[in-house]
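So the chains spell out like this:
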Number of protein chains: 4
Amino acid sequence: MDEFLHDEPRVPRTDEEKTAIIHRLKRIEGQVRGIQGMVENDRYCMDILVQISAIHAALKKVGMTLTERHMKHCLKDAIDHGEGDIAIDELVEVLKYVSK
Amino acid sequence: MDEFLHDEPRVPRTDEEKTAIIHRLKRIEGQVRGIQGMVENDRYCMDILVQISAIHAALKKVGMTLTERHMKHCLKDAIDHGEGDIAIDELVEVLKYVSK
Amino acid sequence: MDEFLHDEPRVPRTDEEKTAIIHRLKRIEGQVRGIQGMVENDRYCMDILVQISAIHAALKKVGMTLTERHMKHCLKDAIDHGEGDIAIDELVEVLKYVSK
Amino acid sequence: MDEFLHDEPRVPRTDEEKTAIIHRLKRIEGQVRGIQGMVENDRYCMDILVQISAIHAALKKVGMTLTERHMKHCLKDAIDHGEGDIAIDELVEVLKYVSK
């Protein structure tokens, strides 16, 4: 899964969009560091599993935001320019891949 | 999900175990930073989704390692000391929670 | 999640599409009955878990086929008629719901 | 994943356990048939996706019940008989497989 139709979004991300996503990714980065500390400090296994599950949930939200944004801008733009079928094929391939 | 039977693993993690898990978490931290860069540099949405899915996979492996280790050491120790039922209840609760 | 934009697909399913999906659902129905037999006949727990996982995989494929078809026909049709945004909102809501 | 330590549960299922699980599997079977009807009667794609997600949830609960029961009886019995390590290995393999 490394050959896509584009290198960049068809409709560029605004600065606000970038800032919002990066902010959430920085929080996730902090959560991952937090787990390193929990392992280091011998925190109970079950406690760590629950925190890992919180990271999965936060990452999933970022993925969903990107998917939504892709559909509302890039996919819509592709359909408007008569390239909808190939863009939908691509999105479905990726959804299959990431939901494996 | 924040009241568990213990604060620490019943059988403490060895230094080797800690090092191995933290090493993997550091790699995951790097992957999360990598995605920040992809957002910043306007990389294509589909490309980012695939990378997010790689982080989910890596995190899942860490979770599975911790679960396995918990079962082989903490759960086994609990059963050996006649506290198996309550330890299994706890593990099942956590498995339900994290697989939601 | 029970109030949607439509009662029927915007672009009706062809008979071939219906037959293909129903065929797969009948196989899944058979797999579920198979597991009933395994429970009845005292088959090993681990064996049953693996079969349940096969049903999840088959169901997921049916869901993905419906999603793909929805995007290629209903969503595309909605976008063509200037109702793309609301149709994408709806799809994203459903994707969030089913990926919970 | 088709070679396990046992053909039957180490601790046989009671009739009550069998009845309870089969009852739930029959409901799931009914849900799968319900979806066939929805496809047949041209129900909206999004509606069907939500119903499929309900089946996943119900199946997951059955899987969790079997896992819990396996741990409380079979795994515990294995540990009591000095065969805990191999039984835990097996369970972890299956958990990895089904959570893929």
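Residues numbered from 1 in each chain as written. Chains lettered and ligands numbered in written order. Predicted model: local features only at pLDDT ≥ 70, side-chain atom pairs only at ≥ 80, totals over all residues. Heavy atoms only, no water.

A.B. asks: Give a description of the overall build of chain A that names residues and reports values.
C.D. replies: Tallying secondary structure elements over chain A gives 3 helices and 0 strands in all. The secondary structure elements of chain A, listed N-terminal to C-terminal, are α-α-α. In terms of C-alpha radius of gyration, chain A reaches 17 Å, well past the compact-globule figure of 13 Å for 100 residues. Considering only C-alpha atoms, chain A reaches an extent of 55 × 30 × 20 Å along its principal axes. Pairs at least 24 residues apart make up 66% of the contacts formed inside chain A by residues separated by at least 6 positions. Looking at chain A as shown, the accessible area adds up to about 4800 Å², and 49% of this sits on carbon and sulfur atoms. Of the side chains in chain A, 15 bear a positive and 19 a negative charge, and the two mean positions are spaced by 7 Å. (Helix = DSSP H or I, 4+ residues; strand = E, 2+ residues; numbered from the N terminus. Rg over C-alpha atoms; globule rule 2.2 N^0.38 Å. Contact = heavy atoms within 4.5 Å. Areas by Shrake-Rupley, 256 points an atom, 1.4 Å probe, with all protein chains shown as cover. Lys, Arg positive; Asp, Glu negative; His and termini not counted. Charge placed at Lys NZ, Arg CZ, Asp CG, Glu CD.)

A.B. asks: Account for the interface of chain B and chain A, with residues named and values stated.
C.D. replies: On the chain A side, the residues contacting the 48 residues of chain B number 48 residues. In terms of surface lost to chain A, no three residues of chain B exceed D42(B), Y44(B) and M46(B), which account for 15% of the buried area on that side. Across the contact surface, chain B and chain A share 6 salt bridges. A salt bridge links D42(A) to K18(B), with the nearest nitrogen and oxygen atoms 3.5 Å apart. Taken together, the links from chain B to chain A amount to 16 residue pairs in polar contact (both at pLDDT 80 or more). Elements represented by at least two residues in the side of chain B that touches chain A include exactly α1 (15-40), α2 (45-80) and α3 (84-98) of chain B. (Buried area = accessible area lost by both parts, 1.4 Å probe. Salt bridge = Lys/Arg side-chain N within 4 Å of Asp/Glu carboxyl O. Polar contact = N/O pair within 3.5 Å; in protein donor to acceptor, adjacent residues only side chain to side chain.)

A.B. asks: Provide a residue-level description of the pattern of salt bridges, including the pertinent values.
C.D. replies: Tallied over the full model, the rule gives 48 salt bridges over all chains. The partner of K96(C) in a salt bridge is E68(A), with the nearest N and O atoms 3.9 Å apart. Placement of the pair is K96(C) in helix α3 (residues 84-98) and E68(A) in helix α2 (residues 45-80), with the two residues belonging to separate chains. Salt bridges sharing partners connect three or more residues here, namely E68(A), K72(A), D89(C), E93(C) and K96(C).

A.B. asks: With reference to specific residues and values, describe the relation of the copies chain B and chain A.
C.D. replies: Applying a rotation about an axis and a shift along it to one chain copy brings it onto the other copy. With an RMSD of 0.0 Å, chain B superimposes on chain A once it is rotated by 180° and translated 0.0 Å along the axis. Such a turn and shift between the copies fits a two-fold axis. Residues of chain B ranked by C-alpha distance from the rotation axis are headed by E29(B), positioned 2.8 Å from it. Most of the interface of chain B is mirrored in chain A, where 100% of its interface residues are also at the interface. (Least-squares fit on C-alpha atoms with pLDDT ≥ 70 in both.)

A.B. asks: Which residues make up helix α3 (residues 84-98) of chain A, and what are the values?
C.D. replies: The terminal C-alpha atoms of α3(A) lie 21 Å apart, and with 15 residues this matches the ideal 21 Å at 1.5 Å per residue to within 8%. Three or more residues of α3(A) are buried, namely G84(A), A87(A), I88(A), E90(A), L91(A), V92(A), V94(A) and L95(A). At its buried positions, α3(A) is contacted by α2 of chain A, α2 of chain B together with α2 (45-80) and α3 of chain C. (Expected span 1.5 Å × (residues − 1). Buried < 20%, exposed > 50% of the residue type's maximum accessible area, 1.4 Å probe, protein only.)

A.B. asks: Describe the interface of chain D and chain C, naming the residues involved and giving the relevant values.
C.D. replies: Taken residue by residue, the interface counts 48 residues in chain D and 49 residues in chain C. At the junction of chain D with chain C, the criterion picks out 6 salt bridges. Close ionic contact of D42(D) with R13(C) constitutes a salt bridge, the shortest N to O distance being 3.6 Å. Remark: the boundary between chain D and chain C carries 18 residue pairs in polar contact (both at pLDDT 80 or more). Of all elements in the fold, only α1 (15-40), α2 (45-80) and α3 (84-98) of chain D reach the threshold of two or more residues within the side of chain D that touches chain C. For the side of chain D that touches chain C, the element with the most residues is α2(D), which contributes 18 residues. Across the side of chain D that touches chain C, the residue classes tally to 28 nonpolar, 7 polar and 13 charged. (Nonpolar A, V, L, I, M, F, W, Y, C, P; charged D, E, K, R; others polar.)

A.B. asks: Tell me about the relation of the copies chain D and chain C, and name the residues and values.
C.D. replies: Overlaying chain D with chain C gives an RMSD of 0.0 Å, the required rotation being 180° about an axis along which the chain moves by 0.0 Å. When the interface residues of chain D are mapped onto chain C, 100% of them are again interface residues, pointing to one common binding face.

A.B. asks: Tell me about the environment of K26(D), and please be specific about residues and values.
C.D. replies: Mapping K26(D) onto the fold places it in helix α1. When its relative accessible area of 48% is taken as the criterion, K26(D) is described as partly exposed.

A.B. asks: Any chance you could break down the side chain of E29(B) for me, citing the residues and the numbers?
C.D. replies: Following the sequence through the fold, E29(B) ends up in helix α1. Classification of E29(B) as buried rests on a relative accessible area of 7%. Residues contacting E29(B), with those up to four places away along its chain left out, are E29(A), V32(A), R33(A) and Q36(A).

A.B. asks: Before we move on, can you summarise the nonpolar core with the specific residues and values?
C.D. replies: By size, the foremost hydrophobic cluster in this structure holds 128 residues, and its most contacted members are L75(A), L75(B), L75(C) and L75(D). Excluding anything up to four places from it in sequence, L75(C) contacts M71(A), L75(A), H70(C), G84(C), A87(C), I88(C) and L91(C). (Core = buried A, V, L, I, M, F, W, Y, C linked by side-chain atoms within 4.5 Å.)

A.B. asks: Explain α2(B) to me, and be specific about the residues and the numbers.
C.D. replies: All names here are of chain B. For α2, spanning 36 residues, the distance from its first C-alpha to its last is 51 Å, which sits close to the expected 52 Å at 1.5 Å a residue. Where α2 bends most, at M71, the angle is about 40°. Taken from the residues just after α2, G82 is the one with a positive phi, measuring 70°. (Bend = angle between axes of the 7 residues up to and from the residue.)

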